[in-house]
Amino acid sequence: MDPDPIYLDNSATTPLAGEVIASMEPYFSDEYGNASSLHRFGRRAHAAIEEARASLAETIGVEPSEIVFTSGATEADNLAIKGLAFAHPEKRHIVTSRIEHHAVLHACRWLEERGYEVTYLDVDRAGRVEPEAVKEAIRDDTLLVSIMAGNNEIGTIEPIGEIGEICKERGVPFHTDAGQAYGKVDIPAGSVDLLSVSAHKLNGPKGVGFLYVRKGIRLSPLLSGGGHERGLRSGTENVPGIVGLAAAARLAFSERETVVPRLRGFRERLIEGVMRIPGVRLNGDRKESLPHIVNFSFAGIEGESLVMRLDERGIAASTGSACSSPNLEPSHVLVAIRVPLSMAHGSLRISTGRQTTEEEVDRFLEVIPSVVEELRAISPFKVEG
Ligand SMILES: Cc1ncc(COP(=O)(O)O)c(C=O)c1O
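Please read all numbers here as calculations on a predicted model, not as lab measurements.

**Quick word on the sheet that holds strand β4 (residues 117-121)**
Stage number 1. With mixed pairing, the seven strands of this open sheet are ordered in space as β2-β8-β7-β6-β5-β3-β4. The open sheet has two edge strands with one neighbour each: β2 (67-70) and β4. Averaged over all pairs of adjacent strands, the angle between their axes in this sheet comes to 20°, without regard to strand direction.
Stage number 2. Along the sheet, helix α3 (residues 73-87) makes contact with β2, β3 (93-97), β5 (142-146), β6 (174-177), β7 (194-198) and β8 (209-213), crossing β7 at roughly 160°.

So, in structure tokens, the structure goes:
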């Protein structure tokens, strides 16, 4: 019998935690009320949403009224960027980085096609945005600075505290996509005006997330309708999803002190083990990284073949980000950190989660040298040792 598959793709998505499923279950069955209804079914659904809002606000030290539920981080990013643009039509310039998630980059590109100017900041070879570069890029007509908290492909943590202070000094709103960082590293929410979070990166359900909107920041809604979320997001609330998101966040924050050091240990073990293979580079920063993501490039190999071979051996990993896997362009993040093109095509992202075990990490380390060797044996490219 095949051994159980090993899931090392937790940046793409995570399994639902048992506690999260249990918290959501009543809202799929008996508690089916519409949170806008006045009767008891509606009132109970409304109370569940408000309880979730309060507990999420507490995780980042903000007011419940500053949390807007969305369908995930993609929508939260779009609401932050386009919502701010629509509310402030006189401001026509945006500052972001070259390594943002496509939810941010494509929202910026969409505005660029409509006459906005966007400064895409370069990053250093570890993927770090230089706060001074943000300072220099800000102009009188800058609408927004959007820099992610932690990168989803290479794990690099951005200096969002420093960037937030610069934005504050210049009176420019600062948005951060914390899709991967929330629940894993400290987020200085005091330095941020807008912050995006997704539940499914956190052992919560898919299709739900939130945008933190600091009081006083004016956004236009993207959806027209009943105005459910403070007029910023219309649509009948996803009650089980919202309850599950709050349960997932509570779990992540309550076990952070034990889970994060474990994931950091796995990351170090993975780096030590994989770097023993010749012709490998570590993409990203060894130290300033999210605990659960590590990215390598293997000379002379296509990342896609590596993922398929690993899958045959029961190991699920990914090349670059899951969102761009089907397209064979090298990842924009690896290009931005100046990974040579030949190496960028041979990238592999390993991302661990709360359910990952040491045995699973060791099994991966046992399998990877032979998979690399097999693929190199059939590769037309010669690898220098
Ligand atoms: C950094 C980051 N931002 C945004 C997203 C999109 O999140 P969602 O799937 O909730 O739309 C992801 C997930 O791929 C991500 O990793």
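Read on, since the account is not over.
**Here we look at the pairing of β8**
Stage number 1. With respect to burial, β8 is a largely interior element, five of its five residues being buried.
Stage number 2. The alternating pattern of β8 places G209, L211 and V213 and F210 and Y212 on opposite faces, both of which are buried.
Stage number 3. Note: β2 against β8, four bridges, orientation antiparallel. By the bridge assignment for β8, T70 is matched with G209.

**Side note on the sheet that holds strand β9 (residues 280-283)**
Strand pairing within a sheet occurs via backbone hydrogen bonds; the two strands may be parallel or antiparallel.
Stage number 1. Pairing within the open sheet is antiparallel, and its three strands lie in the order β9-β10-β12. The open sheet has two edge strands with one neighbour each: β9 and β12 (347-351). Here the strands of the sheet are splayed against their neighbours by 25° on average, with no regard to which way each runs.
Stage number 2. In the sheet, β9 pairs with strand β10 (residues 293-298) via four bridges, with the strands oriented antiparallel. Its bridge partner being in β10, V280 is matched across the sheet by F298.

**Brief notes about empty space enclosed by the protein**
Stage number 1. Tallying each qualifying case throughout the model produces two cavities of 30 Å³ or more.
Stage number 2. Taken as a whole, the largest cavity holds about 180 Å³ of empty space.
Stage number 3. Residue assignment for the lining of the largest cavity shows that the elements contributing at least two residues are α7 (239-254) and α8 (256-274).
Stage number 4. Here the lining of the largest cavity takes four residues from α8, the largest share from any one element.
Stage number 5. Looking at the lining of the largest cavity residue by residue, the class counts come to eight nonpolar, eight polar and five charged.
Stage number 6. Each of domain 1 (6-14 + 256-377) and domain 2 (18-254) gives at least three residues to the lining of the largest cavity.

**Observations regarding the pattern of salt bridges**
Stage number 1. Scanning the entire structure with this criterion turns up 24 salt bridges.
Stage number 2. K135 is the partner of E132 in a salt bridge, and the nearest nitrogen-oxygen pair spans 4.0 Å. With E132 and K135 both in helix α5 (residues 131-137), this residue pair falls three residues apart, about one helical turn.
Stage number 3. What makes E132 partly exposed here is its relative accessible area of 41%.
Stage number 4. Put simply, E165 and K168 hold a salt bridge, and the shortest N to O gap is 3.8 Å. Separated by three residues within a single helix, E165 and K168 lie in helix α6 (residues 160-170), roughly one turn from each other.
Stage number 5. Three or more residues joined by partner-sharing salt bridges are found here, namely E50, R53 and E229.

**Focus: the nonpolar core**
Burial of nonpolar side chains together is a common tendency in soluble globular proteins.
Stage number 1. Counting residues in hydrophobic clusters, the biggest one holds 68 residues, and the most contacted among them are I60, F69, V145, Y182, L195 and F210.
Stage number 2. Ranked by residues supplied to this core, first place goes to α7 with 10 residues.
Stage number 3. Built from parts of two domains, this core gets at least three residues from each of domain 1 (6-14 + 256-377) and domain 2 (18-254).
Stage number 4. With residues near it in sequence (within four places) discarded, L195 still touches I60, H175, T176, A178, I187, F210, L211 and Y212.
Stage number 5. Residues V274, V294, F298 and I315 belong to the second largest nonpolar core, which totals 30 residues.

**Quick notes on the site of the ligand**
Stage number 1. Taken together, 13 residues surround the ligand, and among them T74, D177, S198, H200 and K201 come closest.
Stage number 2. H101 is positioned with one of its side-chain polar atoms (N or O) 3.1 Å from an oxygen atom of the ligand.
Stage number 3. A distance of 2.8 Å separates an oxygen atom of the ligand from a polar side-chain atom of K201.
Stage number 4. Its free accessible area being 400 Å², the ligand has 89% of it covered by the protein chains.
Stage number 5. Tallying contributions element by element places α3 first for the shell around the ligand, with three residues.
Stage number 6. Classifying every residue of the shell around the ligand gives three nonpolar, seven polar and three charged.

**Side note on the domain arrangement of the chain**
Stage number 1. Under the domain assignment used here, the chain contains domain 1 (6-14 + 256-377) and domain 2 (18-254).
Stage number 2. For domain 1 versus domain 2, the distance between C-alpha centres works out to 27 Å.
Stage number 3. Between domain 1 and domain 2 lies a buried interface of about 2900 Å² when both sides are counted; carbon and sulfur atoms form 50% of it.
Stage number 4. Linking domain 1 with domain 2 are one salt bridge, by the criterion used here.
Stage number 5. As a salt-bridge pair, R256 and D186 come within 2.9 Å of each other at their nearest N and O atoms.
Stage number 6. The tally of links from domain 1 across to domain 2 stands at 20 residue pairs in polar contact (both at pLDDT 80 or more).
Stage number 7. Counting residues per element, the ones that place at least two in the side of domain 1 that touches domain 2 are α8, β10 and α10 (332-336).
Stage number 8. By residue number, the principal contributor to the side of domain 1 that touches domain 2 is α8, which donates five residues.
Stage number 9. Classifying every residue of the side of domain 1 that touches domain 2 gives 11 nonpolar, 14 polar and eight charged.

Thresholds applied
- Residues numbered from 1 in each chain as written.
- Predicted model: local features only at pLDDT ≥ 70, side-chain atom pairs only at ≥ 80, totals over all residues.
- Heavy atoms only, no water.
- Pairing = 2+ DSSP bridges.
- Helix = DSSP H or I, 4+ residues; strand = E, 2+ residues; numbered from the N terminus.
- Axes fitted to C-alpha atoms, helices over the stretch in contact; angles between N-to-C directions.
- Contact = heavy atoms within 4.5 Å.
- Buried < 20%, exposed > 50% of the residue type's maximum accessible area, 1.4 Å probe, protein only.
- 1 Å grid on protein atoms, 1.4 Å probe; cavity = no way out; pocket = protein on both sides within 12 Å on 5 of 7 lines; lining within 4 Å.
- Points joined across faces, edges and corners; volume = space filled by probe spheres on them.
- Nonpolar A, V, L, I, M, F, W, Y, C, P; charged D, E, K, R; others polar.
- Domains from an automatic or database assignment.
- Salt bridge = Lys/Arg side-chain N within 4 Å of Asp/Glu carboxyl O.
- Core = buried A, V, L, I, M, F, W, Y, C linked by side-chain atoms within 4.5 Å.
- Near = heavy atom within 4 Å.
- Polar contact = N/O pair within 3.5 Å; in protein donor to acceptor, adjacent residues only side chain to side chain.
- Areas by Shrake-Rupley, 256 points an atom, 1.4 Å probe, with all protein chains shown as cover.
- Buried area = accessible area lost by both parts, 1.4 Å probe.

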